[in-house]
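The primary structure of each chain is shown beneath.
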Amino acid sequence: MSTPQTPDSSGIFSGENRARLEMDAKEIISRYPKPRSALLPLLHLVQSEEGYVSNEGIAFCAEQLGLTTAEVTAVATFYTMYKRRPVGEYHVGVCTNPLCAVMGGDEIFAALKEHLGLENDETTEDGKISLEHLECNAACDFAPVVMVNWEFFDNQTPESAKKLVDDLRLGKDVKPTRGPDRLCTWKQASRVLAGFDDGRAAEGPQAGEASLAGLRLARERGWQAPDPAATAAKADEEGTK
Amino acid sequence: MTTLTPVLSRNWDRADSFTLAAYRENGGYEALRKALTMQPDAIVDLVKASGLRGRGGAGFPTGMKWGFLPKDNPKPRYLVVNADESEPGTCKDMPLLLANPHALVEGIAIASYAINSHQAFVYVRGEVLHVIRRLRHAVAEAYEAGLLGKDILGSGFDLDVVVHAGAGAYICGEETALLDSLEGYRGQPRLKPPFPAVAGLYASPTVVNNVESIASVPSIVANGAEWFSSMGTEKSAGFGFFSLSGHVKRPGQYEAPLGVTLRELLDMAGGIRDGHRLKFWTPGGSSTPIFTEEHIDIPLDFESVGAAGSMLGTRALQIFDETTSVVRVVRGWIEFYAHESCGKCTPCREGNSWMVQVLRRIEAGKGTQEDIDTLLDICDNLLGRSFCALGDGATSSVTSAIKYFREEFTAGTHTPAWELFPYQRTTRWANESVEEDA
């Protein structure tokens, strides 16, 4: 399957919509002592409008910060989370960094490529799913890991990953392992990254099973950090010697 | 016998652990209250006395780093927290921020007061949406409760905290690349000196610390330097997360005193998966030279791991059993470094891409007699000659894997790695399918 044609973005950065985005941009810029620090969040902002960073999006960022489009393009192309072509409503990333790869990430990525008929960095024709292999996403104790729109799907198998993308294509509600109650879209995720809260921080579990492995064992065996009173007393004793 | 010492993870098993209310029930923000009654320099001295060393990999003494800020520089000072956790195998800061973000927020308030900074940033990697939500939520709760913002707890101390999401670049974990990224540029490392303490963010005096380092500070202020240094070893004081992943029965986070051994940790984690044995492991992520079964009793502290030829790094223990091809793993890691090299310096940019080609050839059983020497030669030209530590780190797995498993690289001249070590046998579900077959 091919990547969809680049859509026309002229309406997004003009008129009322532009005025709204300029307000957002002002708020982002106001967070920083120097305006240019706002560039990464501004790129997330334009990505939240179009699903990718278009040339028009780059021009918008450049104008807000008084930069040239070349300066903004140099930054936009450096970071892998900024997409220069539209990705799916659900962007699926499979970790294939060695730990995950060995635990089954390679098999999961191969299974999804075949199941979706996609190669790396391609999008289904219906625009629903794009697929990418990822580097380490800091969830190695839950390997193999799949991320969808940057939410954790832990301990995956080829079967669970195929069911996951099927459910996404069918529009079923999908719940990340350690994330909010329901997955948001790629554009919504980008808006959160730009710094606009979606009010869902309290949803989902506080920790996954692997995160709790050590604490559970410590509780079971009655292990804890030293009692501060005891160490303070010992220090006093040594001090008076 | 070493036992676990849950401090930062102590409250993770309550469902609302990430809320201000739950954190306060466990004594949260009492350390900040105490700190605000102390002289800032006394807090720096306390952290120095505790022996806390940076938990982001390099192990530089945290209090000393704070003490490097020049006294006579009139520019504003900044605290920047490095939450760009991306070193392969490293998975401690993200669960910490998900379950207990207030430990970091309180640590930021104390550290900022200690170094006289009124503006702090948390640079968190972008690919972890819910972690970012939780962290922002905690910061918002803290503002609302007067624990951040103007006149914190009536002390007259003001502090603003901005949570800044990155956009996908391993290199931004390097502190000067992180600063460039936070300034809105491509994340490329800067030449040092000047160090960030002198000219960091916006060329102002800046402290850059890892999440776990800063989150450990409230416990030191609350319980004392002696309490902290009663854990760990003389030169590697305190507790830290040991993150076990891979072929172990119960992978996960184990918060233990520094100096614990892999043998002890494996015992806690239920051992290697059934019917298999340890082959090789990383003590602190993919940038630290690999270890084998013979290193299982080495105390995991900065000195002991260093003396044994590796680095404690981020205590990211990636465990591989005997089904795993070391060539496959090293090839994957070097593909990672080639992908993540920022391209600024030639040894890292070119060296890694050439190594990928050689390693792919060896993995496919099409290596040449010269390939091992070629790899070692490239590593020799990379190590110590690249712009930042990330280039150095890339060589770790190659040279150590050749040292311990040279025969596997030699076998790559005639037999593909996937024939010697069938890849389907390494997966998480491999044992189940073996049982089903039987």
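These figures come from a predicted structure and were not determined experimentally.

Peer 1: I'd like a rundown of the UniProt feature "binding site: [2Fe-2S] cluster" (unreviewed entry) in chain A, residues and numbers included.
Peer 2: In the numbering used here, UniProt assigns the feature "binding site: [2Fe-2S] cluster" (unreviewed entry) to C95, C100, C136 and C140 of chain A. Spanning 46 residues, the named residues form one tight spatial group whose C-alpha atoms are at most 9.5 Å apart. Tracing the chain through its elements places C136 of chain A in the loop between strand 3 (129-134) and strand 4 (146-148). The residues touching C136 of chain A, leaving out its near neighbours within four places in the chain, are C95 and N97 of chain A together with S86, E87, P88, G89 and R125 of chain B. Apart from the residues lying within four places of it in its own chain, the contact partners of C140 of chain A are L99 of chain A together with G89, T90, C91 and S245 of chain B.

Peer 1: Before we move on, could you go through the pattern of salt bridges and cite the residues and values that matter?
Peer 2: Side-chain pairs of opposite charge can arise where the charged atoms are in close proximity. Residue and element names in this part refer to chain B. For the structure shown, the criterion picks out 42 salt bridges over all chains. A salt bridge links R33 to E30; the shortest N-O distance between them is 3.8 Å. Linking R33 with E30, this pair stays in helix 2 (residues 30-35), spanning three residues, or about one helical turn. Ionic pairing is found between D371 and R361, a salt bridge with its closest N-O pair at 2.6 Å. Residue D371 is located in helix 15 (residues 371-382), and its partner R361 is located in helix 14 (residues 346-363); the two are separated by ten residues in the primary sequence. Among the residues examined, D371 registers a relative accessible area of 2% and is labelled buried. Among the ionic contacts, a cluster of salt bridges with common partners joins K65, E174, E175 and K192.

Peer 1: Residue-level account of the packing of helix 3 (residues 40-50) of chain B against helix 9 (residues 211-223) of chain B, with values.
Peer 2: Residues and elements named next belong to chain B. At a minimum axis separation of 10 Å, helix 3 and helix 9 run at an interaxial angle of 100°. The angle between helix 3 and helix 9 places the two elements in the roughly perpendicular class. Contact with helix 3, carried on its side by I43, L46, V47 and S50, involves V217, I220 and V221 of helix 9 and no other residues of that element. Grouping the constituent residues of the contact of helix 3 with helix 9 by class yields six nonpolar, one polar and no charged.

Rules used in this analysis
- Residues numbered from 1 in each chain as written.
- Chains lettered and ligands numbered in written order.
- Predicted model: local features only at pLDDT ≥ 70, side-chain atom pairs only at ≥ 80, totals over all residues.
- Heavy atoms only, no water.
- UniProt positions renumbered as here; feature names shortened; annotations may be inferred.
- Helix = DSSP H or I, 4+ residues; strand = E, 2+ residues; numbered from the N terminus.
- Contact = heavy atoms within 4.5 Å.
- Salt bridge = Lys/Arg side-chain N within 4 Å of Asp/Glu carboxyl O.
- Buried < 20%, exposed > 50% of the residue type's maximum accessible area, 1.4 Å probe, protein only.
- Axes fitted to C-alpha atoms, helices over the stretch in contact; angles between N-to-C directions.
- Parallel < 35°, antiparallel > 145°, perpendicular 65-115°, else oblique.
- Nonpolar A, V, L, I, M, F, W, Y, C, P; charged D, E, K, R; others polar.

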